[in-house]
Amino acid sequence: AGAIVAGLLQNEPGVRVTTLERVDPDDHSDAGTGLNIGPNALKLLQQADPALCARLQAPDISLPWQSWRTSLTDGTELMNLPLAQVADNDGIRIRWADLYHQLRSHARRHIRFNTAVTGMSYVGDQDSKASTPPLLEVSWESCTDGTTGSDDQVDMLIAGDGRYSKVRETFFGKPEPRPLGVVIYRVLVPDTAEGLIDDYEQWFNGPYRLLAFRVPGHALYIAGSFPIAPGAPIGDDARTADHLRELYTPAQGEPSDQARFLIDSICEHVDDIHWARVAEIEPAFTDDQGRVLLLGDAAHAMVPTLGQGATSAIEDACVAALMIRDAVRSGPVDVPSLLRAIAETRMARARFIMDLSRDASDTMLPGSDTVAGTRQKTGPEFLAKLEQLFRVTEAPAPAPAEHHQRAG
């Protein structure tokens, strides 16, 4: 989200963009391994930044996400949904490393890499009754040579620092996570499936779920999940190959060729797995003073069942950047009013996506009827919600070029 906003505003007259990034430009090469970006994010990105959208969709960077198929691990098909039925365009399947690289390259000249934020606060009078909210001061330190810097003329601080956001904790307080009671793990493996695995698919054995799809670079992204007591740690016994094999092997009959390949691949690469517990936080976008804006997971960390985490961050960034741009072009900018408008625009959408993602997780919970729950997702009520998700309303219209003004 931060890189998209920086890229969209970097050439805007009247805007000075500084982006602080703790890691090296080429870091995060394995972070998250792979992900799918929903049609809704690409629809907004196409409107906001067609060149960046085209780069993300290049065949050497991503593959199209065009279908959602769900089966049991014995091969029984429960759902096979072409996304064209509920979306205006494809999504994409991409490596995290490639997504990071493309987004950071887009705004590279405005990003201070290897730089850690060391302080952030309001400057001067913080009386809530003051007619003009105070500016912000942000300080930082180089992770390579220890040099420091600061800026005490910050009109707006945008937090794109993720689920464990230090910005959110500083200005809003630390959010209380709401655990779903599900473990999720992920791993990237070489594609030796010989065509068994391609587009987005899921396989269930009771509430135990596998998910996989192919990504560029001859690799497969595999994710799995299983229930856990809400808030409980992931025990060492649960992380073993034997335990995972048992979860996904049908009690009666044999696993399908696809399921067998995935089970074998997980067990072979069990030491490379990244583990997490699924949780969400209460959504929030702007602080009481009105100069801090949260985007992406910092604003609304959600359960990942519908692949809307990074997707929603891209939505946030496109909408926020275009609203900031239009306010600057109309100028002068009332930052608190602008951030309240962004928050109002995004809050209902964020809550809808979070609620739908949580509701769609029903088949991953203990005691769930996986067959009935999945087939319910082929019905008109759920499909209508998917349409609302994927056919997202348009971003703010571009302001005419003759309205460019410098901000006050």
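Here, the structure is the one placed above.
This one's a predicted model, so the numbers in the text were calculated from it and none came from an experiment.

### With respect to the overall build of the protein chain
Of the regular secondary structure elements, the protein chain holds 12 helices and 17 strands. The C-alpha radius of gyration of the protein chain comes to 22 Å, within 12% of the 22 Å expected for a compact globule of 408 residues. Overall, the C-alpha framework of the protein chain stretches about 70 × 45 × 40 Å when taken along its three principal axes. Expressed as a percentage of the 408 residues in the protein chain, the buried residues total 53%. Considering only contacts within the protein chain whose residues lie at least 6 apart along the sequence, 75% involve residues at least 24 apart. Side chains of the protein chain carry 37 positive and 57 negative charges; the gap between the two charge centres is 3 Å.

### Focus on the pattern of salt bridges
Counted by the stated rule, this structure contains 25 salt bridges. Arg358 is the salt-bridge partner of Glu280, the closest N and O atoms lying 3.0 Å from each other. Of the two residues, Glu280 sits in strand 16 (residues 274-280) while Arg358 sits in helix 10 (residues 335-359), which places them 78 residues apart along the sequence. A residue is classified by how much of its surface remains accessible, and Glu280, at 5% relative accessible area, is buried. Residue class for Arg358 comes out partly exposed when judged on its relative accessible area of 29%. One network of salt bridges, in which partners are shared, links Arg178, Glu280, Glu282, Arg351, Asp355 and Arg358.

### Digging into the sheet that holds strand 6 (residues 91-95)
With antiparallel pairing, the three strands of this open sheet are ordered in space as 2-6-3. The sheet terminates laterally at strand 2 (34-37) and strand 3 (62-65), the two strands that pair on one side only. Looking at each pair of strands side by side, their axes are set apart by 25 degrees on average, direction ignored. Across four bridges, strand 2 lies against strand 6 in antiparallel orientation. Opposite Leu35, over in strand 6, you have Ile94 as the bridge partner.

Conventions adopted
- Residues numbered from 1 in each chain as written.
- Predicted model: local features only at pLDDT ≥ 70, side-chain atom pairs only at ≥ 80, totals over all residues.
- Heavy atoms only, no water.
- Helix = DSSP H or I, 4+ residues; strand = E, 2+ residues; numbered from the N terminus.
- Rg over C-alpha atoms; globule rule 2.2 N^0.38 Å.
- Buried < 20%, exposed > 50% of the residue type's maximum accessible area, 1.4 Å probe, protein only.
- Contact = heavy atoms within 4.5 Å.
- Lys, Arg positive; Asp, Glu negative; His and termini not counted.
- Charge placed at Lys NZ, Arg CZ, Asp CG, Glu CD.
- Salt bridge = Lys/Arg side-chain N within 4 Å of Asp/Glu carboxyl O.
- Pairing = 2+ DSSP bridges.
- Axes fitted to C-alpha atoms, helices over the stretch in contact; angles between N-to-C directions.

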